[in-house]
Every structure is written in C-alpha cells, then in structure tokens.
Amino acid sequence: MLAQLFGFKGGVKPQTNKAPSVQLPIGQAPLPSCLFVPLHQNIGGAPNPLVVVGEHVLKGQLIGGADGWVSAAVHAPTSGTVLAIEEHVAAHPSGLPTLSVVIEPDGRDQWIPRTALDHRSLAPERVREILRDAGVVGLGGAAFPSHAKLTPARAVPMQDLVINGAECEPFMTCDDLLMRERAEEIVRGIAIFRDLLGAKRVLIGIEDNKPEAISAMNKAVLRLAEDYAVVAVPTRYPAGGAKQLIRVLTGKEVPASKRSTELGVQCFNVATVYTAYRALAHGEPVISRIVTLTGNIEQPRNWEVRLGTPMRELIALGRPKADTDRYLMGGPMMGFEIPDLAAPVVKATNCLIAGSPALFPASPPEMPCIRCGACAEVCPHELQPFELYWFSRARNFGKTQEYHIFDCIECGCCSYVCPSHIPLVQYFRFAKSEIWSREREKQAADAAKARFELRNAREEREQAEKAERLAKAAAARGSERKPAPASAAVLPPTVEPVQPVAAAESAEAVSPSDPDTVRKATIVAAMERARAQREAVKPRNTEQLTVEQKNEIAAIEARRAALKPEPAAAQGGRADSATSQERPGE
Amino acid sequence: MITALAIMALGAVVLGAALGYASIRFKVEGDPLVEKIEAILPQTQCGQCGYPGCKPYAAAISAGEADINLCPPGGMDGVRKLADLLGREVKALEAEEKPKQVAIIDEATCIGCTLCIQACPVDAIVGAAKQMHTIIEPLCTGCELCIKPCPVECIHMLPITENLDNWKWKYPVIEIKRAA
Amino acid sequence: MTHYLFIIVGAVFVNNVVLVKILGLCPFMGVSKKLETAFGMGAATTFVLTVATGASYIIDHYLLMPFGLEYLRTLSFIVTIAAIVQLTEMVIQKTSPVLHQVLGIYLPLITTNCAVLGVPLLNVANKHDFVESLLFGAGSAIGFSLVLVIFAGIRERVEGADVPTHFQGTAIAMVTAGLMSLAFMGFAGLDRYQ
C-alpha cells in the first residue's frame, strides 16, 4: 500500500520484549473459581447493578445498566449465581475497592439467547445503543465508551478512520495475536465503524515489527474485498498513542482542546473493533478480552480471559518464577504496579507483567534536574517536561497549566530517558490529579454558594410572605371586630386603626407561643425517649452473664439505691443540664 | 516666610480642590476585592470565622476588620491564597485544620424535629416534620452547623474517606533507604 | 541628540535607580513575586514617574525658584506627587476599569516610592532642563520596570527551587537582588564618552 507517512516528534525505542509471548496462540483461560465483575469499568457514568444477590445469571446477561450516554453496560462473563454485590478491590493503582458483582460459576457456561444483527439494516442510533448495551469500550487501555466516539461532527465530514494496531508498548502482544488469528472479524468490524462515521478512508496502522499481523490483516482485507489501507508504521514508542498514530497516518495534529472528530478523523483500537463486531454480528457482549501474560514467568502467552477473573488465578496459568516480586498491569512504560492480586481483570487490562529485580532493576535514586533537555527531545507532544517538573514539584499548578500539562499523555518517554532518573510522569500525574481535585472543590464551593444564596432568598421571601399574611389576618380580624365597638358607639373613630395593630401584636405574641409550647413538650418527650433508647442499648456486656453475676449486680444496685437515692438523682440532673448547656456553647 | 506660607497654602488649596472634585466626578461604586476574596473562601457558610457566612467574612477582610487566618475549612492553602491576593503575610491558622468531613444522621435516633434542616445553610438535609431526616452527602459542606441544634444528638461528623472518585496520585517521594 | 540618548541609557542601565542608586526598594521587594504584577507595577511607575518629573520641574522653576523657596522642594514635591498619583488613580478607575484592574492596586503604592521623589530631586541636583528632566524620569522608570520584571522572573523560578529553609522568602530574594546589583555594576563606564 502506498501511503505517505508523517512522523511525530520525539519518542523512544525501548527493548520490545515481545517475542516470548507470541510463541503460543491465544489460549482460553479456564473458568475461575469466582468472578468479581466491577460495575464501573469505563470512563464516564458508573453502571447501576441490575441483579440481586442469589439470582442465577446466564453468560452474557446484563448485570449493570449504562448510566447516561457516556457509560457502557456490564455483563455476566459466565452463567452462575450472584453471591454478593459488594466492594471489591479494583484494578487500580490505589488498590481501593469498587462496587463489584461476585458471581460463582455453575460450570455450564450457558449463554443467553443471542441474536445476530446486520448493522446495515439498522439505524445508526440503534447501532450505537446496541454497542453501549453490549459494553463496548476502548480496549487499548483507556476504556472510553466507543459508541460515544461514533458520532461524526456535523460541521466536518469524516475523512479518515484510523484503526490502531500499532501496539507500541513493550511486552504487550495481545493486539498482535488478535490480528494474526482473528483478522477477518476485525476487518468485518471496521465496516461497522466506517459506516457509522461515514469515513471516506480507512487506515490500519501496525508497527513494522509485527510482519505476521500485517500480512494477516492484508490477506483479510483482500479476501473481503475492502479498500482499507494496512500501513506499516515505523516502530517507535509511542506510535500507538491515538494522537501519534493519527499524526503519522494522516498528518493531522489533534490539539488538547479539540476532539479528533472535529478534524474529521477518529481512532479505534483493533480489539475494540473486534468486540464491536462480536456484539453486532453474534450478539455477544463484551465479557472477555485478550490479555498478555508475560514477564518473569515460565509460560508467557496471550489468554482470552473472562472479565472479573481474579488476577491471581490468571497469573497462576503462566507459572511465575520464584524471584517474581511484583506485577504490573499495562505495559512497563504506562502501566502501574498492582497493589493486590485479588483485583480482577477488567476491560482495560491489556497486559499483566510479572516483574523481578532482574527484569526491572530498581531505578537509581532521583538526582537533581540538570536541564539537559533530553526529556523535551523525546516528548511526543513537544512539551517541556523539565519545566513541568519544576513547577509540579513546587506545587505551582497554575504554571503547569500554562506549560500545557493536560497535553501530556503520560507515555513515560521523559522518565525513560532522564539521566537524573527523575520519575517525571509521577510528578505530572500528581499535578494533574491535584488540579482536578481543586477544580472539583471549586465547583462544590460554587454550588454551595448558589444554594446558600437561594436559601437566603427563600427565607427572606417566606418571612415577607408571613408578615404579609399576619398583617392580612390581623386586618381581617380588625374589620370583624370593628362593628362591635362601633355599635357600642363609645370609642372615637381615631382608635380604630390602633386596634388592629394591637390585635396583630397580641396574635403574634400568643399564636406562635402556643404551638411552641406544644412542640417543646413533644421535643422534650422525644429527647427522653431517645435517651432511654440509647441507655437501653448501652450496657452490652451484661447480656451474657451467669445467674449469680446478675443476682450480684441486682444486689449492688439495690444497695446503691437504698444508700443514696438523692445524690444519684441530683447527679443525673446535673449531667442533663451539663449536656444541654454544653451543646449551645460548643 | 509669609510668601512661603502663602505658596504652600495655595498649593494645598489647589491640590485639595482638584482631588475633591475628582473624588466626586470619578466616583466608582462597588468593591471588586470582596468578590475576589469570596472566590477563595470555601463557601461552607459555617460561621467558624465569627461572621455569618463567607460573604460577610470576605467583606470584613476587604475592609481590614478581619484577619485572613480565621477560616478553618479553607485550611492553610486558603490562607496562602488570601495572603497572595492581598499582599499580606501568611499566618498560621487560628483553629486546627481538620480533614474534610460530612455530617451523618443516625437515622434510628432521629425524631424528625426539623431543627437541623433549619440550621443547614446549603439545604443539604431532607426530611419533614416527624419524619426521619437524612443528609444529601454530595451537598454537605461539613460546616457542623446542624450538630448543635439536634436535640437528640443524632448527627455526627465523619471524615470523607478516600475512594476511586476522589483518589489522587501522591507526591513522588524519594526512598531514603535506596539513596543511602 | 546623543546627549539625550546618554541620559536615557545612563538612567536605564548605568545609574539604574534600583540596583545602583538603591532607591525604590520597597516595591522592588514587595511587588516582584509574580511576573504579571511586576509588569503592572512597572507600567504604573513609568507613567507616574514621567508625569511627576514634569510636574515637579514646573513647580520648581515657576513657583519655588522665583520666590527663593528652594528649601521647600522636598515638601512640595511629595505633596505634588501624592496628588498626581491620587488623581491618576481616580481617573483611571472611572474611565478605564480594565486598566485599573492592571495598575489600580499599585498606584497608591507609588506614592510612597522613594524613587519617584528621588528622581525629581536628582533632576534638580543635576540641573536638567525640562526635556532632560522628562527623559531622565522616563529612563529611570524604564530602568526600574526592567529590573523589577527581571527580578520577578527570577523569583518565580526560585520559588520552585530547593532553597534551604532559613533562606526561604525574603532572604533568598535579598541575595538574588545583591547578585543582580553586582551584574548591573558591569554597565559602569558605558557613558564615559560624554
């Protein structure tokens, strides 16, 4: 295929380490003992659980419904019983828990009824809905709901559809193997996306270190008589970044403030395309994905893994070597260390790497920045990492934004080349999440202010209304009473306007006080009740006592009551007054 | 001597007249500084500064009546920002800095007296008379104003725990062990 | 004409009002934490200083000298400058709120800026005529702004640096100012052709 290639600035060439995991074909991972399916596996709204504990679910059954447009559904990866819907450790660098559906497989692996659909016979909106409800998200690692990317911009005609098979991360081979073994399904899937977007040209970018994948894709394209261009792109990390690949293939540069659709180009991962095809043409939602299991293990290989499989059970398949001391999710450049192997495989889990001190030697201590500029040379987004570092480190977040920290894709090239071994990306992640959290706080403060002002306005209005009502009522009463003194014909007419005011005053003085006393009485009663309740609950340790002990306690209580009933009562009273005094003074 | 006095007096009169005229002619309403200060305050409306809300406190700071270190929810960070804006020295916070909290109503103890609803400055408590009340957590600013009015002491403050939505990447730390 | 050029170059670099004559240190240390505010302060000072030198020349030559009241110079200059600053602020606030946003808070500070008083007094001491006075005032003000902006730029970077605890804040700023002053000493002799 003849296509002009455009370069991107920067990038590095780390050792690829891809060979070990491509020796064997994709294996089917066996059913795990238990599945922990997190409900929130995508960017955007968290799906709501649709099953209850104890329910029997079928393979592919919807267990979490998409919440809003930018969200994607979650399905049961196999048939079985829902054991619990609870917080379970997430596949996240923090190791914090997330709401997950725990399913115990019944071993039958029984599918829900599936219907095959042809996207050409359906309205585009319907296809997007199907994709959302099948849980199709970006499987390259970002897990952005794909249907939300499939709406072409109105003003700009969609020129190019870029299919990302570059897979530039070292160690990772899941897309490589997928293209080798299931090229035809990918090519068929591309048609869905192309038709939805109305793209004029389809470019499949694959790094030139994967000749097998390129030839497999070329064959599939020829066999299906499509006009897609399979383009071998030079192997250079991060050629597989969406923005980098778009730039290499089309020469268009997507700024941080814009979406790629606004430039008439869109990019999808090959695995995403594959799952979209399975969802439409086979009615199979996203319940599994291909995961590269590699690194310091006996048998590196790609496995098709059910989502929710605990990582520990998957890793056991590869037989980790004895000196393995940590596991990474994602590649060595952008991935993170898994804090807890109980975490499940999720849609974003493309690769698990067993690490050992020999494979990933501890980085030397961080040294001061010498402003050599090596990081700026390799930055694929042409940022100045040394400046970003300087300001992130000093927590000067305004300046980091001036230096476009949000254009940073955290590819890790800068940290890779830094001669001072500064973990630059960690500083950038820190700065970014600080900025986000401040933004959230600011929004919360603005919302609180708005609510406070609304409340003040409402209170003022209510007070005004109340005053008006009272005045009206008083006036009404005054006019009612008026005939009486008039008939008596004793009072001069000048007194008349005075009377209603007095009446209003007396009404105001008496009427609130009456319900007040009633309310106070009920509150006092309720307080007593609440106190009694609390006291009744308090002595927990006396519940499981022997009869002798109980008798002893009763005797002591009786003696105490006989000895000093007065001080005890006084004490209680004092304690009461103390608490009631304490509260307003607090 | 008299010429000197006359000339200085003349100068004073001329300049004074010019300034006086200008102050009337070029009078400007409003104080934009108050708004800037208010934007920094956390809007908890808690009154811990001794002013009934964030805006009055902002006005007091702007007028020079209040110090900038009276806002515990804003924390040292807020003090620093105020110092930056106003060109004043950074001072230690008057009160103790607390972690962010939300109020929680013990629903079994609540008697439905509506006192806390009346106390809440941001309408973050829902409930009706004699019905159980509850706090809308995302709206709660943690001002603690609802704790005092509760007659049955069923409201307490819980620190906001870390979850996946508010989790932050930590500041990179150099391990001393390794460097040694 | 070169004579005028020498006055300007001399005022900006050789006899820099801040770093060589050590005048106006208060705003130099106080308003140099941020580059933007330094720009604002520089612009405001440039404007006020130029106007103040002109006004004080007029007062000196047409009011004080004819009556032999030269001993009232300091007093009358201070009063004039304060009045001018106040007047300028009010006019700007009314006519151009945007400009006031930029310069507003710095204008009152200039009243107490000793460089603004010092330059008119130096004008008198150097027996400058009206044009020379204006040029000297403008040059000094430009020199002040230049140094202020450079200093603010340096301080912004110093803020991110690992400064030992006891040197943080004003201490390191003083050290920086000293080093800058040394650097500006290098301009000495530039106007020797005069």
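The rules we used
- Residues numbered from 1 in each chain as written.
- Chains lettered and ligands numbered in written order.
- Predicted model: local features only at pLDDT ≥ 70, side-chain atom pairs only at ≥ 80, totals over all residues.
- Helix = DSSP H or I, 4+ residues; strand = E, 2+ residues; numbered from the N terminus.
- Buried ≥ 20, exposed ≤ 12 C-beta atoms within 10 Å, placed from the backbone.
- Contact = placed C-beta atoms within 7 Å.
- pLDDT = per-residue confidence, 0-100.
- Pairing = 2+ DSSP bridges.
- Core = buried A, V, L, I, M, F, W, Y, C linked by C-beta atoms within 7 Å.
- Domains from an automatic or database assignment.
- Expected span 1.5 Å × (residues − 1).
- Arc of directions from axis to C-beta.
- Axes fitted to C-alpha atoms, helices over the stretch in contact; angles between N-to-C directions.
- Nonpolar A, V, L, I, M, F, W, Y, C, P; charged D, E, K, R; others polar.
- Right-handed = clockwise from strand over helix to strand, strands pointing away.
- Parallel < 35°, antiparallel > 145°, perpendicular 65-115°, else oblique.
- Left-handed = near helix turned anticlockwise from the far one by under 90°.

In this section: the overall build of chain A. Along its length, chain A carries 17 helices and 17 strands. Looking at chain A as a whole, 41% of its 586 residues are labelled buried. Across chain A, the fraction of contacts at a sequence separation of at least 24, relative to all contacts at a separation of at least 6, is 73%.

Now for the confidence of the model for chain A. All names here are of chain A. Taken over all residues, the pLDDT of chain A has a mean of 84, while the share at 70 or more is 85%. Ignoring residues within four places in sequence, the model shows residues 484-512, a span with pLDDT below 50, making 15 contacts including any to other chains. Note that residues 566-586 has pLDDT below 50 and, in this model, three contacts with residues that lie over four places away or in other chains.

Quick look at the sheet that holds strand β2 (residues 35-38) of chain A now. Residues and elements named next belong to chain A. The antiparallel open sheet is built from four strands, whose spatial order is β2-β8-β7-β4. In the strand order of this sheet, the two ends are held by β2 and β4 (56-57), each with one partner. The sheet contact formed by β2 and strand β8 (residues 97-105) spans four bridges and is antiparallel. Of the residues in β8, the one forming a bridge with Val37 is Val101.

We now examine the nonpolar core. Counting residues in each nonpolar core, the largest one holds 128 residues, and the members touching the most others are A:Ile163, A:Phe193, A:Met217, A:Val273 and A:Val291. Taken domain by domain, the makeup of this core includes at least three residues from each of domain 1 (19-28 + 116-355) and domain 2 (378-475) of chain A. Beyond its immediate sequence surroundings of up to four residues, A:Phe193 is in contact with A:Leu150, A:Leu161, A:Phe268, A:Val273 and A:Ala276. If you look at the next biggest cluster of nonpolar residues, it comprises 42 residues, including C:Val48, C:Ile81, C:Ala115 and C:Leu148.

Residue and element names in this part refer to chain B. Position of Gln48 among the secondary structure elements: in the loop between α2 (32-40) and α3 (54-62). For the pair Gln48 and Pro73, spaced 25 residues apart in the sequence, the C-alpha separation amounts to 8.6 Å. Non-local contacts of Gln48, meaning those with residues more than four positions away in its chain, are made with Pro72 and Ala95.

The next thing to look at is helix α4 (residues 211-223) of chain A. All names here are of chain A. Its 13 residues place the ends of α4 18 Å apart at the C-alpha level, agreeing with the 18 Å of an ideal helix rising 1.5 Å per residue. Among all positions of α4, only Ala213, Ile214, Ala216, Met217, Ala220 and Val221 are buried. Projected onto a plane normal to the axis of α4, the buried residues spread over an arc of 165 degrees and lie on a single side. Exposed side chains of α4 directed beyond 90 degrees from the buried face belong to Pro211, Leu222 and Arg223. Buried residues in α4 make contact with α2 (174-181), α3 (183-197), β10 (201-207) and β11 (229-233). Taken from the residues just after α4, Ala225 is the one with a positive phi, measuring 55 degrees.

Before going further, it helps to examine the sheet that holds strand β12 (residues 265-269) of chain A. Residues and elements named next belong to chain A. Read across the sheet, four strands follow the order β11-β10-β9-β12 without closing on themselves; strand pairing throughout is parallel. With partners counted over all chains shown, the strands left at the sheet margins are β11 and β12, one partner each. Taking the axes of each pair of neighbouring strands and ignoring which way they run, one obtains an average angle of 25 degrees across the sheet. Note that strand β9 (residues 160-164) and β10 share five bridges and pair parallel.

This part is about the domain arrangement of chain A. Residue and element names in this part refer to chain A. Here chain A is described as being made up of domain 1 (19-28 + 116-355) and domain 2 (378-475). For domain 1 versus domain 2, the distance between C-alpha centres works out to 32 Å. At the interface, seven residues of domain 1 touch ten residues of domain 2. When the residues that make up the side of domain 1 that touches domain 2 are grouped by side-chain class, the tally is five nonpolar, two polar and no charged.

This part is about the domain arrangement of chain B. For an interface, size is often stated in terms of accessible area lost upon the parts coming together. All names here are of chain B. As far as domains go, chain B holds domain 1 (32-86) and domain 2 (101-159). Here domain 1 and domain 2 have C-alpha centroids that lie 25 Å from each other. With six residues of domain 1 at the contact, the number on the domain 2 side is seven residues. Of the residues that constitute the side of domain 1 that touches domain 2, the class distribution is two nonpolar, four polar and no charged.

Moving on to the interface of chain A and chain B. Listed per partner, the contact involves 29 residues of chain A and 29 residues of chain B. Those elements giving two or more residues to the side of chain A that touches chain B turn out to be α12 (424-481), α15 (513-537) and α17 (565-585) of chain A. Looking at the side of chain A that touches chain B, the element that brings in the most residues is α12(A), giving 13 residues. Along the lines of polarity and charge, the residues of the side of chain A that touches chain B split into 15 nonpolar, six polar and eight charged.

The buried fraction of β9(A) is high, at five of five residues. The alternating pattern of β9(A) places A:Asp160, A:Val162 and A:Asn164 on one face and A:Leu161 and A:Ile163 on the opposite face, and all of these are buried.

Quick look at the environment of A:Thr173 now. Residues and elements named next belong to chain A. Turning to its location among the elements, Thr173 is positioned in the loop between β9 and α2. Its 29 C-beta neighbours within 10 Å are what place Thr173 among the buried residues. Separated by 234 residues in sequence, Thr173 and Asp407 have C-alpha atoms that sit 27 Å apart. Each residue touching Thr173, except ones within four places of it in the same chain, is listed here: Lys18, Ser21, Val22, Thr292 and Asn302.

Residue and element names in this part refer to chain A. With six of seven residues buried, β10 lies mostly within the body of the structure. Pairing geometry for β10 and β11, over five bridges, is parallel. For Gly205, the partnering residue across the bridge sits in β11 and is Val231. With α4 bridging β10 and its parallel neighbour β11, the resulting β-α-β unit is right-handed.

Once that is clear, we can look at the packing of helix α3 (residues 35-64) of chain C against helix α7 (residues 114-125) of chain C. Residue and element names in this part refer to chain C. Close contact between α3 and α7 brings their axes to 9 Å; oriented N to C, the two are set at 45 degrees. Between α3 and α7, the interaxial angle falls into the category oblique. You can see that α3 and α7 cross each other, and the crossing is right-handed. Across from Val48, Leu49, Ala52, Thr53, Ser56, Tyr57 and Asp60 in α3, the residues of α7 making contact are Val116, Val119, Pro120, Asn123 and Val124.

Each pair of packed helices gets described by two things: the angle between the helix axes and the distance between those axes. Residues and elements named next belong to chain C. Relative to each other, α3 and helix α8 (residues 130-159) sit at 165 degrees, their axes nearing to 8 Å. Of the possible angle classes, the one that applies to α3 and α8 is roughly antiparallel. α3 and α8 meet at a crossing whose hand is right-handed. Class assignment for the residues of the contact of α3 with α8 results in 17 nonpolar, eleven polar and one charged.

Residue and element names in this part refer to chain B. Considering the arrangement of structural elements, one finds Val34 in helix α2. Taking the number of C-beta atoms within 10 Å as the measure of exposure, Val34 has 18 and is therefore partly exposed. Ignoring sequence-local partners within four residues, the contact set of Val34 consists of Ala58, Ala59 and Ser62.

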